[in-house]
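# Reading the structure
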Amino acid sequence: MNVTIYHNPACGTSRNTLAMIRNAGIEPTVIEYLKAPPSRQELEKMIADTGLTVREAIREKGTPYADLGLGDPTLSDEQLIDAMMAHPILINRPLVVTPIGTRLCRPSELVLDILPDTHKGPFTKEDGEPVIDADGKRVSGA
């Protein structure tokens, strides 16, 4: 299965998402989007495919969001995308693209909705929260 993750290795949610993809027996294409951001067209398509609005796809925490005045409700989607292209840290993460669908995986277990049920045993997030049991099945609530 062809899977791409737009990844930030400094982000625990992104690391957990990548680990869950690998736990499903898939070695994804890993794009460190801060080093190699998606094109405008790719970003617009991913956002549309997630079903989110552009505003929902912007990361506020730890970014220049407030300094750039991006909370202004009169800003257009085009202006928000311009800001994301100029400052890739504003792209919320991790975005995962599979043949089953595209998701902003916050929380990380949302990736399970777009992966085949091929998990290779249990999976526990970095914080100790179980997500997949020993039989490779999703833990209730995950």
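Below or above, wherever it landed, is the structure these notes cover.

Conventions we followed
Per chain, residues are indexed from 1 in the order of the written sequence. Local features in a predicted model are, by the rule used here, given only for residues with pLDDT of at least 70; side-chain atom pairs are given and counted only at 80 or more, and totals for whole chains, interfaces and linings are based on all residues. With hydrogens and water stripped out, all remaining heavy atoms of the structure feed into the side-chain values. Only one rule defines a salt bridge in this text: a Lys or Arg side-chain nitrogen within 4 Å of an Asp or Glu carboxyl oxygen. Burial here depends on accessible area, computed with a 1.4 Å probe over protein chains only, as a share of the maximum for the residue type. Under 20% is buried, over 50% is exposed, and the range in between is partly exposed. Residues grouped as a nonpolar core are buried Ala, Val, Leu, Ile, Met, Phe, Trp, Tyr and Cys residues, joined through side-chain atoms within 4.5 Å. Segments assigned H or I by DSSP are reported as helices when at least four residues long, segments assigned E as strands when at least two residues long, and all are numbered from the N terminus. Residues count as neighbours in contact if any of their non-hydrogen atoms are within 4.5 Å of one another. Only strands that DSSP links by at least two bridges are regarded as paired with each other. As a rule, the C-alpha atoms of each element are fitted with a line to give its axis, helices using only the stretch in contact, and angles between N-to-C directions run from 0 to 180 degrees. Polar contacts, as used here, are pairs of N or O atoms within 3.5 Å; protein pairs need one atom able to donate a hydrogen and one able to accept it. Residues neighboring in sequence count only if both atoms are side-chain atoms.

## Focus on the pattern of salt bridges
Counted under the stated rule, the structure contains ten salt bridges. Its salt-bridge partner being Glu 27, residue Arg 22 comes within 2.9 Å of it at the nearest N-O pair. Relative accessible area serves as the criterion here: at 40%, Arg 22 is assigned to the partly exposed category. Here Lys 35 ties to Glu 32 by a salt bridge, and the two come within 3.3 Å at their closest N and O atoms. Assessed through its relative accessible area of 29%, Glu 32 is described here as partly exposed.

## Details of the nonpolar core
Core analysis: the biggest nonpolar cluster contains 18 residues, and Ile 47, Met 84 and Leu 90 have the highest contact counts within it. Per-element tally for this core: the top contributor is helix H3 (residues 77–86), with four residues. If we skip the residues at most four places from it in the chain, Leu 90 touches Ala 57, Ile 58, Arg 59, Thr 63, Pro 64, Tyr 65, Leu 68, Leu 70, Ala 83 and Met 84. Of all hydrophobic cores here, the second largest spans 16 residues; its members include Ile 21, Ile 26, Val 131 and Ile 132.

## A closer look at unusual backbone geometry
A cis amide bond, omega -5 degrees, links Arg 93 with the succeeding residue Pro 94. Here Pro 94 lies in the loop between H3 and strand S3 (95–97). Put simply, Arg 106 and Pro 107 share a cis peptide bond, and its omega is 5 degrees. By the secondary structure assignment, Pro 107 is in the loop between strand S4 (102–104) and strand S5 (123–124).

## Describing the sheet that holds S4
Across the sheet, four strands lie side by side as S2-S1-S3-S4; this open sheet has mixed pairing. The sheet terminates laterally at strand S2 (29–32) and S4, the two strands that pair on one side only. Taken over all neighbouring pairs, the strand axes of this sheet differ in orientation by 15 degrees on average, direction set aside. Bridging between S3 and S4 involves three bridges; their strand directions are antiparallel.

## With respect to the side chain of Glu 109
Its location among the elements puts Glu 109 in the loop between S4 and S5. Polar contacts involving the side chain of Glu 109 include one to the side chain of Ser 108, which spans 3.4 Å.

## Quick look at the environment of Ile 31
Looking at the secondary structure, you find Ile 31 in strand S2. Counting along the chain gives 20 residues from Ile 31 to Cys 11, while the straight-line C-alpha distance between them is 14 Å. Among all residues touching Ile 31, those that are not within four sequence positions of it are Thr 4, Ile 5, Tyr 6, His 7 and Ala 36.

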